[in-house]
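Listed below, chain by chain, are the residues.
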Amino acid sequence: MLKALQKIRVEWSHCDPAGIIFNPHYYIWMDQGTHRLFEIAGFSMPEKIGVDRFKGLPLVTSGATFFKPVRYGDTIELASTISKFGNKSFRMEHSFMFENSEIASGFEVRVWGNDDGKGGMIGVPVPEEIKKLLDREETLDTTIMN
């Protein structure tokens, strides 16, 4: 399955009073990893939302496990990939590495969301063409430097 990598420099604003990453940042980075994966597969969310009734990839469940702390100034690497497709959903796996050690891992379960015609969203089957875009053994760096 296609994999998106991104390098993240831990900034002062990412840290809690103990000087380690404040855990909500991992969830922000996992969300970014999901969106970057779809982008490198050829499905750009900003361009596709609103096209063919597509509204987004709502999150239905998530979790994370933290193994080791990292600190301000460290550069970590996030790898994001899809581990499983359901009918209307898919499971993302995220692995955070620092100096060749896994420091955290997380997952998200998301659904393919279309406009329900009433101003809301409804889960629909993940299109086969999307599955095909993601079904390749390749790892691409999606790091964006500010």
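Looking at the sheet that holds strand β3 (residues 59-66)
Line of reasoning, step 1. With mixed pairing, the six strands of this open sheet are ordered in space as β3-β6-β5-β4-β1-β9. Of all strands in the sheet, those with a lone pairing partner are β3 and β9 (139-141), marking the two edges. Neighbour-to-neighbour, the strand axes of the sheet open up by a mean angle of 20°, direction not taken into account.
Line of reasoning, step 2. Pairing between strand β1 (residues 3-9) and strand β4 (residues 75-85): seven bridges, direction antiparallel.

A closer look at unusual backbone geometry
Line of reasoning, step 1. For Arg53, which is not a glycine, the phi torsion comes out positive at approximately 70°.
Line of reasoning, step 2. Structurally, Arg53 can be placed in the loop between α2 (45-48) and β2 (54-56).
Line of reasoning, step 3. At Asn100, a residue that is not glycine, the phi angle is positive and equals roughly 65°.
Line of reasoning, step 4. Structurally, Asn100 is set in the loop between β5 (89-98) and β6 (101-111).

Details of the environment of Phe67
Line of reasoning, step 1. Here Phe67 is to be found in the loop between β3 and β4.
Line of reasoning, step 2. The sequence separation of Phe67 and Ile40 amounts to 27 residues, and the corresponding C-alpha distance is 29 Å.

Quick word on helix α1 (residues 24-41)
Line of reasoning, step 1. In this model α1 runs 26 Å from its N-terminal to its C-terminal C-alpha over 18 residues, within 8% of the 26 Å that 1.5 Å per residue would give.
Line of reasoning, step 2. Every buried residue belonging to α1 is among His25, Tyr26, Trp29, Met30, Gly33, Thr34, Arg36, Leu37, Phe38 and Ala41, and all of these are buried.
Line of reasoning, step 3. In the stretch just after α1, Gly42 is the one whose phi turns positive, near 105°.

Looking at the nonpolar core
Line of reasoning, step 1. Grouped together as the largest cluster of nonpolar side chains are 17 residues, with contacts concentrated most on Phe38, Trp112 and Leu134.
Line of reasoning, step 2. Of all the secondary-structure elements, those providing two or more residues to this core are α1, β5 and α3 (128-134).
Line of reasoning, step 3. With three residues, α1 is the single largest residue contributor to this core.
Line of reasoning, step 4. Judged by nonpolar contacts, the second largest core, of 14 residues, contains Ile8, Trp29, Val70 and Ala104.

Considerations on the packing of aromatic side chains
Line of reasoning, step 1. Counting across every chain of the model gives 12 aromatic pairs.
Line of reasoning, step 2. Both rings, one in Tyr26 and one in Trp29, keep their centres 5.8 Å apart while their planes meet at 80°; by these two values the pair is edge-to-face. Linking Tyr26 with Trp29, this pair stays in helix α1, spanning three residues, or about one helical turn. Both residues of the pair, Tyr26 and Trp29, belong to the buried class.
Line of reasoning, step 3. For the ring pair Tyr26 and Phe66, a centre distance of 5.1 Å and an interplane angle of 55° mean the geometry is tilted. With Tyr26 in helix α1 and Phe66 in strand β3, this residue pair connects regions lying 40 residues apart in the sequence.
Line of reasoning, step 4. What links up through ring pairs into an aromatic cluster is the set Phe38, Phe43, Phe54, Phe85, Phe90 and Trp112.

Reading the values: rules and limits
Residues numbered from 1 in each chain as written. Predicted model: local features only at pLDDT ≥ 70, side-chain atom pairs only at ≥ 80, totals over all residues. Heavy atoms only, no water. Pairing = 2+ DSSP bridges. Helix = DSSP H or I, 4+ residues; strand = E, 2+ residues; numbered from the N terminus. Axes fitted to C-alpha atoms, helices over the stretch in contact; angles between N-to-C directions. Expected span 1.5 Å × (residues − 1). Buried < 20%, exposed > 50% of the residue type's maximum accessible area, 1.4 Å probe, protein only. Core = buried A, V, L, I, M, F, W, Y, C linked by side-chain atoms within 4.5 Å. Phe/Tyr/Trp six-rings, centres within 6.5 Å; stacked < 30°, edge-to-face > 60°.

Interpretation in functional terms is not warranted from these geometric data alone.
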